[in-house]
Amino acid sequence: MSTDFTQVVIFDTTLRDGEQAPGFSLEVPAKVQMARALDALGVDIIEAGFPIASPADAEAVSHIAREVRRPVIAALARCRPQDIEEAARALAPAERRRIHTFLATSDLHLERKLRITRDACLAAVIDGVRLARQFTDDVEFSAEDATRSDHDFLCRVVEAAIDNGATTINLPDTVGYSTPDETREFFAEIIRRVPNADKAVFSAHCHDDLGLAVANSLAAIAGGVRQVECAINGIGERAGNAALEEIVMALRVRKDLLPFDTAIQSPLLFETSQLLARLANEPVQANKAIVGRNAFAHEAGIHQDGVLKDARTYEIMRPQDVGQEPEQLVLGRHSGRHAVQRRCDALELKVTADEIEPVYRAVISFGEHRKIVGDGDLRRIVERLRAGAPAAPDDTNGGHHVEHVGYGHGV
C-alpha cells in the first residue's frame, strides 16, 4: 500500500447482504471457502453473516471466525439483546471481531415498519451499542435508511451511538435512492454537525437500485467516509450492492481525483469473482466492469489495431492488474487483419503474407454466422485454405455452435 494516499477500509458484505440475494444462498463450507478467498484478496473486514437469522448463519459465522484469522470478522445484529448476544456467541472464536448492530432512523421505517417513536429508536440504539461494547471494543452502528432520515434526528442518533461506544458509523443508502452529489453533501454535513464525529470512522453502504451504488460510494469517500461496504460482483438485495472490484479499481485508476488507497490485491479480483460465480451457480454478466469476460475484450478492427499498437488507446487499466488475460482480441465479423494475423501467430500457424487476405476474408464470412470465431475454427480455416478447399466451411450449424475461445475466460 502506498503511503502517499489515505487508506480506505474495505468492508466486504458478500457473505451477509450479498448472500441474501435471491438464488445466492451458500452452504457453510462454501461460505468458509469464500471467506478464505476474501482474506487472500486483502479485504479488511468480512461480514460473515447475520447469526440470529438462522442456525446455518450462526454456524457459518462461527466457522469463519475460527478459521480466518487476519481480517476483522463481523456479524450483523439488530439493536435487540438476543441478536447481539447471538452475534457475540458466533464471533467468540475470532482473533478480531466486530458486532455490527443496526436500527432504522427514517420516519418512514419508524412509523410504517417498526411502529416506534423517535425517542424509542434513540433509546434502543443506546442500549444496543452499550450491550455490544460488553462483548467487543469494535462496534459498528448502522442507521438503516439513513439517506432518507431527518438530518437533525440522524445527528442525534449518531452522536449518541458514538458516546456509547460505537467506533464505526455506517449511514446506508438502503434503497439506492441518493445521487452522487447528494451523497457527498450528506456525509460532509453529518460529519460536520456531529460534535464527536472525530471519535468514529464513517462508512457508506450503497445499494444499486438506480445503478449508482459505486458512484455514490466514491462520492461518500470524497465527503469524508473512510470505510466502504461492498460485495464481490455487486451481489446483494434487489439490484445489489456497490461492487468491490469497481470501487477498488476506480480508486486505483483515478488517483488524480481520488487520492485514496486500499489493501486489496487486485490481481486476485477476477479469480475471486469467478469463485463466487461457481459457488453460487450464478454467472457474471459478460459486460460486467472489471471482472466480466468482455471487460477487456476487443472485436472491432479499429479497437484491435489501436490495442496492438498501444493498449492504452482502449484500455484504462491493464487486464493482468485485475487477474484477467492480456490482449483479448476476439475474432468475429468486425475484426481487423492485424488481429487475425496476431491470433495466427499466437497459434503458430505460420500464415504467409499471401495467405492472410483469404484467411481474413474467411474469418469475416465465418463471423457472419457465428458470434465468435474460435481457435479451432481458425485452424480449420487455414487447413482448408492450404488444402485447396473453400476457406470458410459450409457448416455453420445455424449459428448455434459454441467453442472455447483462447483469448480469455468464461464462467
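Our structure is the block above this text.
This text gives an overview of the structure that appears in the document.

So, how was this worked out
- Residues numbered from 1 in each chain as written.
- Predicted model: local features only at pLDDT ≥ 70, side-chain atom pairs only at ≥ 80, totals over all residues.
- Heavy atoms only, no water.
- Helix = DSSP H or I, 4+ residues; strand = E, 2+ residues; numbered from the N terminus.
- Buried < 20%, exposed > 50% of the residue type's maximum accessible area, 1.4 Å probe, protein only.
- Areas by Shrake-Rupley, 256 points an atom, 1.4 Å probe, with all protein chains shown as cover.
- Phe/Tyr/Trp six-rings, centres within 6.5 Å; stacked < 30°, edge-to-face > 60°.
- Pairing = 2+ DSSP bridges.
- Right-handed = clockwise from strand over helix to strand, strands pointing away.
- Core = buried A, V, L, I, M, F, W, Y, C linked by side-chain atoms within 4.5 Å.
- Contact = heavy atoms within 4.5 Å.
- Axes fitted to C-alpha atoms, helices over the stretch in contact; angles between N-to-C directions.

### What to know about the overall build of the protein chain
Scanning the protein chain for helices and strands turns up 14 helices and twelve strands. Projected onto its principal axes, the C-alpha positions of the protein chain cover 85 × 40 × 40 Å. Taken over 411 residues, the protein chain has a buried fraction of 54%. Carbon and sulfur atoms make up 49% of the accessible area of the protein chain, which totals about 18100 Å².

### Overview of helix α8 (residues 213-222)
Most of α8 sits inside the fold, with eight of its ten residues counted as buried. Of the residues making up α8, those classed as buried are Ala213, Val214, Asn216, Ser217, Leu218, Ala219, Ala220 and Ile221. Downstream of α8 by a residue or two, Gly224 has a phi angle that is positive, lying close to 120 degrees.

### Let's talk about the packing of aromatic side chains
Scanning the entire structure with this criterion turns up two aromatic pairs. Between Phe50 and Phe102, the ring centres sit 6.2 Å apart and the planes meet at 70 degrees, which makes this aromatic pair edge-to-face. Separated by 52 residues along the polypeptide, Phe50 in the loop between β3 (45-49) and α2 (55-67) and Phe102 in strand β5 (residues 97-104) bring together distant segments of the chain. In terms of burial, Phe50 and Phe102 fall into one category: buried. Here the aromatic rings of Phe186 and Phe187 are separated by 5.1 Å at their centres, their planes lie at 80 degrees, and the arrangement is edge-to-face. Phe186 gets classed as buried once you look at its relative accessible area, which sits at 5%. With a relative accessible area of 1%, Phe187 lands in the buried category.

### Some remarks on the pairing of strand β2 (residues 9-12)
Bridging between β2 and strand β9 (residues 227-230) involves four bridges; their strand directions are parallel. Counterpart to Asp12 in the pairing with β9 is Cys230. Bridge analysis of β2 against β3 gives two bridges, and the strand direction is parallel. Of the residues in β3, the one forming a bridge with Asp12 is Ile46. Crossover handedness for the path β2 to helix α1 (residues 28-41) to β3: right-handed.

### Some points on the nonpolar core
Grouped together as the largest cluster of nonpolar side chains are 98 residues, with contacts concentrated most on Ile73, Phe141, Ile169, Leu171, Phe202 and Leu244. The contact partners of Phe141, leaving out residues within four places of it in the chain, are Cys79, Thr101, Phe102, Leu103, Val125, Val129, Val157, Ala161, Ala166, Thr168, Ile169 and Asn170. With 20 residues, the next largest nonpolar core counts Cys344, Val359, Ile364 and Phe366 among its residues.

### Some points on the environment of Ala58
Tracing the backbone shows Ala58 in helix α2. Classification of Ala58 by relative accessible area gives buried; the value is 12%. If near-sequence neighbours (up to four positions away) are discounted, Ala58 is found in contact with Pro51, Glu86 and Ala90.

### Here we look at the sheet that holds strand β6 (residues 139-144)
Spatially, eight strands are ordered β2-β3-β4-β5-β6-β7-β8-β9 in a closed barrel, and the strand pairing comes out parallel. The mean angle between the axes of side-by-side strands here comes to 25 degrees, regardless of whether they run parallel or antiparallel. Judged from the three bridges that link them, strand β7 (residues 168-170) and strand β8 (residues 201-205) form a sheet pairing that is parallel. When the bridges of β8 are listed, Asn170 appears paired with Ser203.

### A closer look at the pairing of β8
Regular strands place side chains that alternate from one sheet face to the opposite one. Among the five residues in β8, four count as buried, and that is most of the element. In this view, the connection linking β7 to its parallel neighbour β8 by way of helix α7 (residues 180-193) has right-handed handedness. For the crossover from β8 across α8 to β9, the handedness is right-handed.

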